Structure formats: C-alpha cells, structure tokens
Amino acid sequence: MSSPLRTGLIGAGIGGSRSPWMHETEAASLGLDLTYTRFDLDLEAGGAEALPRLLDHVATEGFLGVNITHPVKQAVIPLLDDLSEDARVLGAVNTVVLRGGRRVGHNTDWFGFAEGLRLRLPDARLGAVVQMGAGGAGSAIAYALLRLGAEAVRIFDLDAARAQELVDRLESHFPGRIQIGDDLDARLAAADGLVNTTPLGMDKYPGMAVPAAALRPDLWVAEVVYVPLETELLRTARAAGCPTADGGAMAVIQAAEAFRLFTGATPDTGRMLQRFEAALA
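Report follows, based on the coordinates. Residue indices follow the written sequence of each chain, beginning from 1 at its first position. Totals for whole chains, interfaces and linings use all residues, but because this is a predicted model, local features are given only for residues with pLDDT of at least 70 and pairs of side-chain atoms are given and counted only at 80 or more. Side-chain numbers come from the whole structure's heavy atoms, not from hydrogens or water.

A closer look at the pattern of salt bridges
1) Next: Any Lys or Arg side-chain nitrogen located within 4 Å of an Asp or Glu carboxyl oxygen qualifies as a salt bridge. Summed over the entire model, instances satisfying the criterion amount to 20 salt bridges.
2) Next: The salt bridge partner of D218 is R216, with a shortest N-O separation of 2.5 Å.
3) Next: On the accessibility criterion, R216 (17% relative accessible area) is buried.
4) Next: When the shortest N-O distance is used, the salt bridge between E230 and R235 registers 3.8 Å.
5) Next: The cut-offs for exposure are 20% and 50% of the maximum accessible area for each residue type, with area from a 1.4 Å probe on protein chains only; residues under the lower value are buried, those over the upper are exposed, and the others partly exposed. Judged by its relative accessible area of 36%, E230 is partly exposed.
6) Next: Three or more residues joined by partner-sharing salt bridges are found here, namely D82, E85, R88 and R102.

Considerations on the packing of aromatic side chains
1) Next: Stacked, tilted and edge-to-face are the three classes assigned to paired rings of Phe, Tyr and Trp, where Trp is represented by its six-membered ring and a pair needs centres within 6.5 Å; plane angles under 30 degrees give stacked, over 60 edge-to-face, the rest tilted. Under the definition given, this model contains 5 aromatic pairs.
2) Next: In this structure an aromatic cluster arises from ring pairing among W110, F111, Y143 and F174.

A few points about the pairing of strand β6 (residues 102–106)
1) Next: At least two DSSP bridges between two strands are needed for those strands to be called paired. Under the scheme used here, helices are H or I runs from DSSP no shorter than 4 residues and strands are E runs no shorter than 2 residues, and both carry numbers assigned from the N terminus. Pairing geometry for strand β4 (residues 82–83) and β6, over 2 bridges, is parallel. If you follow D82 over to β6, its bridge partner there is V104.
2) Next: Of the pairings in the sheet, the one linking strand β5 (residues 95–99) to β6 comprises 5 bridges and is antiparallel in character. For L98, the partnering residue across the bridge sits in β6 and is R103.
3) Next: Turn length for the β5-β6 hairpin, with the two strands adjacent in sequence and antiparallel, is 2 residues, and the turn residue G100 shows positive phi of about 55 degrees.

As for the pairing of strand β10 (residues 193–196)
1) Next: Neither face of β10 is open: one carries G193 and V195, the other L194 and N196, and all of them are buried.
2) Next: In this structure, strand β7 (residues 128–132) lies alongside β10, joined through 4 bridges in parallel fashion. The residue bridging Q131 from the neighbouring strand is V195, located in β10.
3) Next: Where β10 and strand β11 (residues 220–223) come together, 4 bridges link them in parallel fashion. Looking at β11, one finds that V195 is bridged to A222.

Structural notes on the nonpolar core
A general feature of soluble globular proteins is that nonpolar side chains tend to end up buried together.
1) Next: Counting 32 residues, the largest nonpolar core has F113, L145, I155, L170 and W220 as its most contacted members.
2) Next: Elements supplying a minimum of two residues to this core: α3 (85–90), α4 (109–120), α5 (136–148), β8 (152–156), α6 (160–171) and β11.
3) Next: With 7 residues, α5 is the single largest residue contributor to this core.
4) Next: Whether two residues touch is decided by their heavy atoms; if any such pair falls within 4.5 Å, the residues are in contact. Setting aside residues no more than four positions away along its own chain, F113 makes contact with I141, A144, L145, V195, A222, V224 and M250.
5) Next: With 19 residues, the next largest nonpolar core counts F39, F63, A87 and V96 among its residues. To qualify as a nonpolar core, a set must consist of buried Ala, Val, Leu, Ile, Met, Phe, Trp, Tyr and Cys residues joined through side-chain atoms within 4.5 Å.

Here's the deal with the sheet that holds β5
1) Next: With respect to topology, 6 strands assemble into an open sheet ordered β2-β1-β3-β5-β6-β4, the strand pairing being mixed. Looking at the sheet topology across the chains shown, the edges are occupied by β2 (34–40) and β4.
2) Next: Sheet topology note: the strand β1 (residues 5–11)/β2 ladder contains 7 bridges and is parallel. Residue pairing in the sheet places L9 in a bridge with R38 of β2.
3) Next: Axis angles are defined between N-to-C directions and span 0 to 180 degrees, where every axis is a line fitted to C-alpha atoms and, for a helix, only to the segment in contact. Each of β1, β2, β3 (65–68), β5 and β6 touches helix α9 (residues 248–263); the most contacted strand, β5, lies at about 10 degrees to it.

Some points on helix α2 (residues 51–60)
1) Next: Listed in full, the buried residues belonging to α2 are L51, L54, L55 and V58. Within α2, the buried residues cover an arc of 100 degrees as seen down the axis, which keeps them to one side.
2) Next: Each element contacted by the buried residues of α2 is listed here: β1, β2, β3, β5 and β6. When we speak of the arc, we mean the arc of directions from the helix axis to the C-beta atoms.

Brief notes about the side chain of Q254
1) Next: Locating Q254 in the fold gives a position in helix α9.
2) Next: Under this definition, polar contacts are N or O atom pairs within 3.5 Å; protein pairs additionally need one hydrogen-donor-capable and one acceptor-capable atom, and for neighbouring residues in sequence, both atoms have to be side-chain atoms. At a separation of 3.0 Å, a polar atom in the side chain of Q254 contacts the main-chain carbonyl oxygen of A251.
3) Next: Sequence-distant contacts of Q254, defined by excluding residues within four places in its chain, comprise N94, T108, D109 and G112.

Overview of the packing of α4 against α5
1) Next: Contact pair α4 / α5: the axes reach a minimum separation of 8 Å and the direction vectors enclose 55 degrees. Considering their axes alone, α4 and α5 lie oblique with respect to each other. The chirality of how α4 crosses α5 is right-handed. Of α5, the residues touching α4 (which contributes D109, W110, F113, A114, L117 and R118) are A140, I141, Y143, A144, L145, R147 and L148.
2) Next: Under the convention adopted here, Pro, Cys and the residues Ala, Val, Leu, Ile, Met, Phe, Trp and Tyr are nonpolar, Asp, Glu, Lys and Arg are charged, and Gly plus all remaining residues are polar. Split into classes, the residues belonging to the contact of α4 with α5 amount to 10 nonpolar, no polar and 3 charged. Angle categories: roughly parallel below 35 degrees, roughly antiparallel above 145, roughly perpendicular from 65 to 115, and oblique for all the rest. What makes a crossing left-handed is the near helix being turned counterclockwise from the far one by less than a right angle; a clockwise turn instead makes it right-handed.

In short, the description is geometric, and any link to function would need to be established separately.
This is the structure in structure tokens:
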C-alpha cells in the first residue's frame, strides 16, 4: 500500500485554517490519498524561529511541499533554493514546492485574486483602481491588478512607509501605473474599482475602510476578507448598487493553484468553490 501524499501549512495562529479541509477533500475527489498538516508557530518552541527546523523536517519526511502564511512569507525566502518570477517580484512566498532536494518558492495569492476577479466581475473596468491596504495581501493584490492591466492603482494605508515600500517595489516593473494615494474621496469619485485588502470587515475587526457615501453603482468593489463572506463593505456596496466580488474566490483559487503545484494534478476549482461557499453558509 502506497504512503499518502503529504503537504501542509506553516504559520502562526492557523488552528482555524480551512486549508487542510480544502486540500484533503479535493484530493479525495480526485482519487488521491493526501494529508495536509498544520505546523502552528504559536505552538512551536521558538515561534517563528522554528521555521528553518520545520522546513528541514518536512523535506526529510518527504512532503511534496508546504504553504506559508503570516508571519513568515518573507522570512522563508533566504531558506529557499529558487523563486518563481512572481514570488521574486512580490518578495513574498506562500507556497514552497519540494522536489529533488530543492525548495522552490511560489506566490499563488496574486493568482487567486486575479482569477477570482475575472470569475466574479468579468466586465470590471480597470482604468483607475483604489486599493485600501499595503500589507501582505495588499502586495499580492496590487500586483494582480497591474498584471490584469489596471492603468492606475492608488494605494492607501495608515502606514505611509509600508505603502511607499509597496509602490517602490512594483513601480520598477509597472512604471507610471502605481502610486501612493492622496485625497481618498477624490480618488474614489474618479475610480472604476475599489479593493479592500485590510482586515476591516473580519469578525474581530468590524467596520469598513471607506465612507459609505463614496459607494456608487458604477464603482465595482472587491474584498479579500472571507470570514464573513459578506462583509459590511460588501453589504453596503450591494445596497448602493455596486457590482461586488467577495473574498471566497481568492481563498479557494490560491489553494487550488498550490494544490496543482504540489501534486501535479488539476483540481476542479468550481467544485472547490461550491464546497467552500456551502461550508461558510
């Protein structure tokens, strides 16, 4: 009897992660015997300092790879042998594939958002987009928007240095198309789309990052928060007549792409989305 395929997740506070369920149920549907193990840095001696030891462990144990999440998406990079071009540009890794003794870092977050936006809002105009937040998710989303062809992305973040670092990193790859935001009301009034990449809207961070009065029917609104699936921003935007995209598609599609990188098998993204939405409901 063959051993199960082994994958997993390294990060802090991941006890509630839905990744094990998403990967294992899709594997079962494809006839694959796969286990997905959490390695919670909050429970490991040394916390984030345990990352090198955990990477050595999963490599030794024959894992196909591991997903990487907060707070070690950047810290993992010096421990890898190579990076995909996307991960190199973003300076962040959320998927490490282990093959032939080598560790290769990828970033599927940006792909998850890009494909999710195409799925949920196929007609979204990408002239000017306002993005709230410049953190880890914000970096991937800004890159996705630019890869999709956004002509002008304006970044707003309470941490000015973090916003500037994001703009500086992507400006060299997309010259003239990404800038620090100024005058939020004016930028929203002229924008085609709005993306929230801040934690505002999560169950433990209620609220929304923009004033409700700025929402109008010709402004599409996308969210990265997916618990709850309908945030206050999305609820208010829908009431204002805005086309909207929730954070569920990004969560599922980034997982599906990681699954493909790990196993070489093609997951059924539509099936994964249906399961995910049913579980959250």
